[in-house]
Structures are given as C-alpha cells and as structure tokens.
Amino acid sequence: MIVSGLLLEGRDVDVATMPAASADSLALAGIHARLDRPGLLPAGHLVDGGYTSLVHMERAGREHRVDLTGPLPGNRTRQHRDQEGYARDDFRIDYDREEVTCPQGQVSRTWPGPYPTSSPDAAPLIVAKFTRSQCQPCPARAACTTSGDGKRTVGFPPRELYELQARNRADQQDPAWHKRYAVRSGVEGTVCELANGHGMRHCRYRGQPKAHLQHVLTAIAVNIERLSQLPPGESTAPRPPTAFQDYCNGRVPAQGRARGHRRIHPASRRCVPLTTPHGTMTRPIDSSSTLLW
C-alpha cells in the first residue's frame, strides 16, 4: 500500500491509501477535493518529485487555487544532458506565429499538435518539425541531431504549461525557493515516525478499506500525541496513579476498596468481579496484568 496525505501545522489532516502499484501522483486530486469540501485547502502544497508534473501543477492552481510546489524534472534531451549541442531551450518558440527558430536561423515548416501522451502525468506535446533540406546542409547538424533522416524535431507543451515550466525551473535556482521548500523536511520526519514508530509498513488487516482504517487511526494517534506535548521548557507534576492503575499493579488503595473494590484472596483460583469507574469486569488471580472483559 502507498499512504499519501497532507500535513498542516504539523498534524495530518488527510490520509489516502492507494494500491502499491499505482503512482503517488494519482492521490493528489483526491486529497485536494476532500480538503476543499470542509474548507481546509492550503494556499500552498509542498510535495516531493513523485507528485510534480506540469499537468498536476496546472490543475491544482486552476481547480483549487493551490500553489503546488516541488522539484520539477529538468530537460531530459541528450543535448541538455551531455551539455553539448542544441537543446530545446536553445530554440526560440513563437506561439503567436506557430514557429520555432533554430540557433542557425532556420524556421520550422510544420507545427502539429498538441498530441496527448500515454501518461496521465505528462503534458500534451506540440512537435515542430524541420525539413531535410533545412538540416542536412547545416554545418551544425552534428551538434543538433543524430536522427537517421537528418531532420530535427522539437517537442514542447502548450503555452500556459510552457510558461509554468519556465517559471518553476527559474524558481528552483532561487535560494528563497529552497528556504521555503526546506519546510517540507517535517513531512519526511512524520513519514519516518509513522513507519518506524507506529508500524505503518505492515498492514494489520487484509483489504484496502481495512488497511485505510489502520492508517487513519494511526494518523489520529500521532495527532493526539503531538497535541498533548507541551511547549519546550514547560513541564507538569507527574499525575498520581488512578485506582484502575493501582489495581492492575496489585496495590488497591483503601479508598479504592471503599468504593466497591474487592480484595482477591491469593489462594483463590477463580475470576472475581471488580467494580471500577470504568465498569464491571473480571480478573483471574494468577495474572496481575490480564483483564477478561
């Protein structure tokens, strides 16, 4: 199972349980929709690389007015990866005239698209094409393309997604972006707490609905634990043990017996009734810590 969620002010406010074979990003739309109904949507949502794509960023801003922030993958072309040749960013894209101009001054002849992609996370692509007569005589063809037919094609998303991509990549170079994104380290700490401190890596029940119930209850327990913690430097006097705790420890106080507790004779082998503020129960005398409800 994959557990996704959203943290606000250090507390889990949404938990989603997905099949392990599904992508993390598929939970994003449901998280925003569930938080939108009670009015708990944040203005910004810090996510890791598994949730960032142009499609999800645009949809979060358009449908829910949420600024989805996370590391967007860089340019994956061979030229950009090898830091040599002409990458996509070296071409000038004119959306108004539907033209792409290469670094050598050649203008694309066709502008088909946008074409849908096979992945729901990937943006649709416009593919501008240059002809063989433009590329083969070019002295910089070896630095531009290695295709068998000698023609260069340039793929890029529609204008609104292209501008969003350019802004996000520029922001990632700003130290202020890294300072803001560093807040997300608390999320990783929560994931570690859930996995290592509360056994979230192992499902106690079979079936996704029951596993989701386990995840929700675990998140509630973590929230209660965090809400109960005092600010640094503050402390309270230790609480005295309750009558129930005294009974479980085998030292029922006199005032507890006066309220209806019964002393258990050590030689008795039967379960005797016990009346406590929590109700009536029975307890076997050979076990000082086990209660039979």
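The structure under discussion appears in the preceding block.
Described below are features of the structure shown in this document. What you see is a predicted model, and the numbers here were worked out from it, not measured in a lab.

**With respect to the pairing of strand β8 (residues 153-156)**
Then, number 1: Here β8 shows a buried face lined by Val154 and Phe156 and an unburied face lined by Thr153 and Gly155.
Then, number 2: Note that strand β7 (residues 126-129) and β8 share four bridges and pair antiparallel. Residue pairing in the sheet places Ala128 in a bridge with Val154 of β8.

**What to know about the packing of aromatic side chains**
Then, number 1: According to the stated counting rule, one finds six aromatic pairs in the structure shown.
Then, number 2: Ring geometry for Phe91 and Phe130: centres 6.0 Å apart, planes at 50°, overall tilted. Highlighted residues: Phe91 in the loop between α3 (78-82) and β5 (92-94) and Phe130 in the loop between β7 and α4 (132-135), separated in sequence by 39 residues.
Then, number 3: Residue Phe130 is classed as buried on the basis of its relative accessible area, which comes to 5%.
Then, number 4: Here Tyr95 and Phe156 contribute two aromatic rings whose centre-to-centre distance is 5.9 Å and whose plane-to-plane angle is 90°, an arrangement assigned as edge-to-face. Residue Tyr95 is found in the loop between β5 and β6 (99-101), and its partner Phe156 is found in strand β8; the two are separated by 61 residues along the sequence. Neither residue differs from the other here; Tyr95 and Phe156 are each classed as buried.
Then, number 5: Each residue in the set Tyr95, Trp111, Phe156 and Tyr162 is aromatic and connected to the rest through ring pairs, giving one cluster.

**Observations regarding the environment of Gly113**
Then, number 1: Tracing the backbone shows Gly113 in the loop between β6 and β7.
Then, number 2: Classification of Gly113 as partly exposed rests on a relative accessible area of 40%.
Then, number 3: Distance in space between the C-alpha atoms of Gly113 and Leu125 is 6.5 Å, their sequence separation being twelve residues.
Then, number 4: Setting aside its immediate chain neighbours within four residues, Gly113 contacts Leu125 and Ile126.

**A closer look at helix α8 (residues 185-197)**
Then, number 1: Spanning 13 residues, α8 covers 17 Å between terminal C-alpha atoms, matching the ideal 18 Å at 1.5 Å per step.
Then, number 2: Taken together, the buried positions of α8 are occupied by Thr190, Leu194 and Ala195. An end-on view of α8 places all buried positions within 125° of arc, on one side of the element. Those residues of α8 that are exposed and angled more than 90 degrees off the buried face are Ser185, Asn196 and Gly197.
Then, number 3: A positive backbone phi angle near 65° is found at Gly199, which sits one or two residues after α8.

**Structural notes on unusual backbone geometry**
Then, number 1: A positive phi angle, close to 55°, is found at Arg65, a residue other than glycine.
Then, number 2: Along the polypeptide, Arg65 turns up in the loop between α2 (54-64) and β4 (67-69).
Then, number 3: What makes Arg65 exposed here is its relative accessible area of 67%.
Then, number 4: One non-glycine residue with positive phi stands out, namely Glu98, at about 55°.
Then, number 5: Of note, Glu98 is situated in the loop between β5 and β6.
Then, number 6: Glu98 sits in the partly exposed class, given a relative accessible area of 46%.

**Things to note about the packing of α8 against helix α9 (residues 208-227)**
Then, number 1: At a minimum axis distance of 11 Å, the contact between α8 and α9 shows a crossing angle of 115°. Handedness of the crossing formed by α8 with α9: right-handed. Contacts between α8 and α9 involve Thr190, Glu193 and Leu194 from the first element and Thr218, Val222, Glu225 and Arg226 from the second.
Then, number 2: Here the contact of α8 with α9 is composed, by residue class, of two nonpolar, two polar and three charged.

What counts, and at which threshold
Residues numbered from 1 in each chain as written. Predicted model: local features only at pLDDT ≥ 70, side-chain atom pairs only at ≥ 80, totals over all residues. Heavy atoms only, no water. Buried < 20%, exposed > 50% of the residue type's maximum accessible area, 1.4 Å probe, protein only. Helix = DSSP H or I, 4+ residues; strand = E, 2+ residues; numbered from the N terminus. Pairing = 2+ DSSP bridges. Phe/Tyr/Trp six-rings, centres within 6.5 Å; stacked < 30°, edge-to-face > 60°. Contact = heavy atoms within 4.5 Å. Expected span 1.5 Å × (residues − 1). Arc of directions from axis to C-beta. Axes fitted to C-alpha atoms, helices over the stretch in contact; angles between N-to-C directions. Left-handed = near helix turned anticlockwise from the far one by under 90°. Nonpolar A, V, L, I, M, F, W, Y, C, P; charged D, E, K, R; others polar.

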